[in-house]
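Here are the chains, one letter per residue:
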Amino acid sequence: MVRHVEFDGQEELTAAAIARRIGVGRAAVSNWRRRYDAFPSPVGGNDTNPTFRWAAVADWLERSGRAEQLAKAGRTETGTQALDGPTGGWSTRDAFVEQAKRNVEAEQRLAQVLVSLLPPTTAASAGGDDLFATADDLPVVFDPACGDGTLLLAAADRFEQRVRLFGQDNDERLARTATLGLGAHPLAGPYDVRLGDSLRGNRFTELLGRAAAVVCEPPFDRPGWPADELATDRRWEFGRPEPRDGELAWVQHCYAHLRPRGTAVIAVSPRACVSPSGQAIRALMIGGGALRAVIALPAEMSTAAGEACLWVLRRPRGDQDDEPVVLVDFAAADVAAVPHQFGEWRELFGLAAGAVSGGAGRARPGPVPARAVTRARLLQDGEANILPSRYVTTETQAGAGDIARIAGQLEAIYARLGAGLPRYAAAHVRDDFAYVTLAELERAGAVTIRSRGTTPHAGDVLVWPRAPGVLAATGEEQTGGMTTHVIELDLARLDPDFVAMFLRPEVEAVPIPRTIGVLGREDLRRCRIPRLSIAEQRHYGAEFRRLSDLRAALTTLARLSTTVIDQTLHGLTAGTLTPDRLAPTTPTHEENL
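Treat the numbers as computed from the prediction; the structure is a model and nothing was measured. (Residues numbered from 1 in each chain as written. Predicted model: local features only at pLDDT ≥ 70, side-chain atom pairs only at ≥ 80, totals over all residues. Heavy atoms only, no water.)

(A) Region of the structure containing the overall build of the protein chain. Along the protein chain, the regular secondary structure elements total 19 helices and 18 strands. Within the span of the protein chain, comprising 593 residues, buried residues form 42% of the whole. Looking at the protein chain as shown, the accessible area adds up to about 30,700 Å², and 53% of this sits on carbon and sulfur atoms. (Helix = DSSP H or I, 4+ residues; strand = E, 2+ residues; numbered from the N terminus. Buried < 20%, exposed > 50% of the residue type's maximum accessible area, 1.4 Å probe, protein only. Areas by Shrake-Rupley, 256 points an atom, 1.4 Å probe, with all protein chains shown as cover.)

What follows is the structure, given as structure tokens:
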């Protein structure tokens, strides 16, 4: 019997129940509570077994990008979907609809970018003799794995009735959808969609060597494509791909249909750029002038698992083409940064070509994510590695003068900080501190432990599940929904930095925070601080503040120093710096400030 899981937005669940509902371990829920301030606060239960409102948890899962966990919550014990609960069915369907919408948007963005890489010469010109060409004379844009026709429809958007649109797919339903979509497109030219397996049964053999352009997002690379069955096929111009390299079979299938100077743009996985088994094929494509560009795309533009790269191929006319290969790395970029027009690509490729030849190119703010690499360079290590991230840096490169100036400033700062490192006198022989608990101070009116969720003010002491766990509040802390204690002090009797620093080891010694992540109020009241005069407290507090500031400064310096070292290492390996060290410079007074 199938038990349907129902969602009631008002129901309260323990952490263990939440974990079971969304299909994760209980430790994952505990980690979310500790690491994310926005995770919902408990609404019931007790310190050892709190409960949370499910509606708030589901909302947090959505907002934090964990919709897949929410989707799992709609599954029954048999794995079917429980879509008929009071509100849960809607939530589950909504999650899947939203995911499907994102997939469609990614597919359409990819199609637009892919088609934008085709040169204007792909289509018949808008004037001249081509205007009177018959339909049979129009150039062909071909997609051998057309699916529902998304790429062909994008080609129709761009080239309108100046091209013929041909497609093939082995899924009858998708092929029918593509046909209906092209038929309904108001600007599409002549089209023809045929059913069949493109690798095993090419239905467009008459197009071999004749297509003006080929666009393709092949099926995700799967081991076991029919390598032995098609071993002698003439499409493998650059060598027969290994069984694990089905993507390279599709690449060559696309290339085989190109006319001289025709262009193909194919979406492949990054593996196709680096796989050892495909090395020989890539090397021949590079050496023969077929490969023109490789473009790494943001993961948000991929409709398959993981990231995607676009290979731009062009069949040379006559002699071997020795132009460099343009490598573009948008893998870590925002989707909006990827060009969607051919003119933008031409400008970007021109900037990359200018860089390889030493030309300045046109001004462009920030680092250019493209580089033109000679074919000899791509082949010199024998790997034929064409992954753009190997050759393109998307970080601003610091010059030798920049690095030397910053290093000089850091040297001066380190020298000054070195003089301020701790040097304290040994304590006189004396008995240990006399201690007082927070409970005693509370009864004496020196402290007030305010209710959880209270906004801390400057001079309060804050106890919370974030490092450091105890600190003197500045009034700017954002506690959000975290479980916290705010301790208000009588500042005439207690120094905040003194209290926070001595209270910290006491709180850390309590075992409860390490087990359930919550320090109970009674545990807090049992924590102790030394019983000292206000003058002694302030003396300790001033030193605690100075040491905390010093630690923060050293942490910042360590980060900046690491950045300088990383930039230097990059400059040495990229060839913009030499290993010849310069003499240290004495920073000016202004640089020391």
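We are not done yet, so read on.
(B) Spatial organisation of the sheet that holds strand β2 (residues 44–45). If you trace the 3 strands from one edge of the open sheet to the other, you get β1-β3-β2, paired in antiparallel fashion. Of all strands in the sheet, those bounded by a partner on one side alone are β1 (12–14) and β2. Where β1 meets strand β3 (residues 50–53), 3 bridges bridge the pair, whose relative direction is antiparallel. Counted as the bridge partner of leucine 13 is phenylalanine 52 from β3. On top of the sheet, helix α1 (residues 15–22) reaches β1 and β3; it is set at about 95 degrees to β1, its chief contact. Here helix α3 (residues 54–63) sits on the sheet and contacts β1 and β3; the angle it forms with β3, its principal contact strand, is near 70 degrees. (Pairing = 2+ DSSP bridges. Contact = heavy atoms within 4.5 Å. Axes fitted to C-alpha atoms, helices over the stretch in contact; angles between N-to-C directions.)

(C) Broad picture of the environment of leucine 554. Relative to the assigned elements, leucine 554 resides in helix α18 (residues 534–574). As for leucine 554 and isoleucine 413, which are separated by 141 residues in sequence, their C-alpha atoms are 9.8 Å apart.

(D) Broad picture of the pattern of salt bridges. Counting across every chain of the model gives 21 salt bridges. The shortest N-O distance in the salt bridge between arginine 200 and glutamate 229 comes to 3.1 Å. Note that arginine 200 is positioned in the loop between β6 (191–195) and β7 (211–216) and glutamate 229 in the loop between β7 and α8 (246–256), a separation of 29 residues in sequence. For arginine 200, a relative accessible area of 47% corresponds to the partly exposed category. One salt-bridge network, held together by shared partners, links Asp192, Arg194 and Glu206. (Salt bridge = Lys/Arg side-chain N within 4 Å of Asp/Glu carboxyl O.)

(E) Layout of the sheet that holds strand β12 (residues 370–373). Taking strand neighbours across the sheet as the criterion, the 9 strands line up as β6-β5-β4-β7-β8-β10-β9-β11-β12 in an open arrangement whose pairing is mixed. Each end of this open sheet is capped by a strand with a single partner; those strands are β6 and β12. Taken pair by pair, the neighbouring strands of this sheet meet at an average axis angle of 15 degrees, ignoring direction. Bridge count for strand β9 (residues 291–296) against strand β11 (residues 325–329) is 4 bridges, and the pairing is parallel. Across the sheet, residue alanine 296 finds its bridge partner in β11, namely aspartate 329. Packed on one face of the sheet, α8 meets β4 (140–143), β7, β8 (258–268) and β10 (309–314) and runs near 155 degrees to β8.

(F) Here's a closer look at the pairing of β11. The element β11 is extensively covered by neighbouring structure, given that 5 of its 5 residues are classed as buried. Every second residue of β11 is oriented toward a common face, with Val325, Leu327 and Asp329 on one face and Val326 and Val328 on the other, all of them buried. Pairing between β11 and β12: 4 bridges, direction antiparallel. From the neighbouring strand, valine 325 faces β12, where its bridge partner is valine 373.

(G) Representation of the packing of aromatic side chains within the structure. Across all of its chains, the model carries 15 aromatic pairs by this definition. Measuring from centroid to centroid gives 4.9 Å for phenylalanine 498 and phenylalanine 502, while their planes differ by 55 degrees, and the two rings are tilted. In this pair, phenylalanine 498 and phenylalanine 502 both sit in helix α15 (residues 496–509), 4 residues apart, roughly one turn of the helix. Considering the side-chain rings of phenylalanine 502 and tyrosine 540, the 5.7 Å spacing of their centres and the 70 degrees angle between planes classify their relative orientation as edge-to-face. Taken together, the positions of phenylalanine 502 in helix α15 and tyrosine 540 in helix α18 put the pair 38 residues apart, joining distant regions of the chain. The class of phenylalanine 502 is buried, set by a relative accessible area of 17%. Ring-pair connections join several aromatic residues into one group, and the members of that group are Phe433, Tyr435, Phe498, Phe502, Tyr540 and Phe544. The cationic tip of arginine 194 hangs over the ring face of phenylalanine 204; the distance from NZ or CZ to the ring centre is 4.0 Å. Of note, arginine 528 hangs over the ring of tyrosine 435, and the distance from its end group to the ring centre comes to 4.1 Å. (Phe/Tyr/Trp six-rings, centres within 6.5 Å; stacked < 30°, edge-to-face > 60°. Lys NZ or Arg CZ within 6 Å of the ring centre and 35° of its normal.)

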